[in-house]
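# Residue-level structure breakdown
So you can see what is in the structure, the chains are spelled out below.
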Amino acid sequence: FMHLCRAFLKRCGWEGSDDCSGVLRVYITHFPCISCVAVTCQFVRFFPALRLEMDFDNMWKTRFEPPDKFGSDRFHAEGGLAGRRKRIEEGFFEW
């Protein structure tokens, strides 16, 4: 956002920030934290004519579940996240 703000303001100036229009699509790998939400709100405040579209993944699913069918079946057969937590607490973790 900082890079975009600098580019917009360099081109339009502070007085022209309301006139910047368009669509900005942002993808982040997990749900936004509170500081990210605050920065996004500030960006929208200074550039009200820009449409901001954000998309994000479910970090808990994409980070902890295996990507292939075999790994996924094994993951769920062994109890999913609860089963993985139990194996870690017992000192045995092998993937």
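Residues numbered from 1 in each chain as written. Predicted model: local features only at pLDDT ≥ 70, side-chain atom pairs only at ≥ 80, totals over all residues. Heavy atoms only, no water.

### Examining the pairing of strand S2 (residues 50–56)
Across seven bridges, strand S1 (residues 22–28) lies against S2 in parallel orientation. The residue of S2 that forms the bridge with Ile28 is Phe56. As a crossover connection, the stretch from S1 through helix H2 (residues 34–46) into S2 is right-handed. (Pairing = 2+ DSSP bridges. Helix = DSSP H or I, 4+ residues; strand = E, 2+ residues; numbered from the N terminus. Right-handed = clockwise from strand over helix to strand, strands pointing away.)

### With respect to the packing of aromatic side chains
Overall, the coordinates contain three aromatic pairs when judged by the stated rule. When the centroid spacing of 5.3 Å and the interplanar angle of 70° are considered together, the rings of Phe8 and Phe47 count as edge-to-face. Of this pair, Phe8 sits in helix H1 (residues 2–12) while Phe47 sits in the loop between H2 and S2, and the two are 39 residues apart along the sequence. We classify Phe8 as partly exposed; its relative accessible area is 23%. Under the relative-accessibility criterion, Phe47 is labelled buried at 2%. Arranged with centres 5.1 Å apart and planes meeting at 45°, the rings of Phe43 and Phe47 form a pair that is tilted. A relative accessible area of 4% means that Phe43 is categorised as buried. By the ring-pair criterion, three or more aromatic residues cluster together here, those being Phe1, Phe8, Phe43 and Phe47. The aromatic ring of Phe46 is capped on one face by Arg45, whose charged end is 5.0 Å from the ring centroid. (Phe/Tyr/Trp six-rings, centres within 6.5 Å; stacked < 30°, edge-to-face > 60°. Buried < 20%, exposed > 50% of the residue type's maximum accessible area, 1.4 Å probe, protein only. Lys NZ or Arg CZ within 6 Å of the ring centre and 35° of its normal.)

### Overview of the layout of surface pockets
Roughly 220 Å³ of internal volume is contained in the largest pocket. Residue lining of the largest pocket: Phe1, Met2, Cys5, Arg6, Leu9, Trp14, Val39, Gln42, Phe43, Phe46 and Phe47, and that is the complete set. Grouping the constituent residues of the lining of the largest pocket by class yields nine nonpolar, one polar and one charged. (1 Å grid on protein atoms, 1.4 Å probe; cavity = no way out; pocket = protein on both sides within 12 Å on 5 of 7 lines; lining within 4 Å. Points joined across faces, edges and corners; volume = space filled by probe spheres on them. Nonpolar A, V, L, I, M, F, W, Y, C, P; charged D, E, K, R; others polar.)

### Focus: the nonpolar core
If you look at the biggest cluster of nonpolar residues, it comprises seven residues: Cys5, Leu9, Cys20, Leu24, Phe43, Phe47 and Leu50. If we skip the residues at most four places from it in the chain, Cys5 touches Phe43 and Phe47. (Core = buried A, V, L, I, M, F, W, Y, C linked by side-chain atoms within 4.5 Å. Contact = heavy atoms within 4.5 Å.)

The values reported here are purely geometric and, on their own, carry no functional implication.
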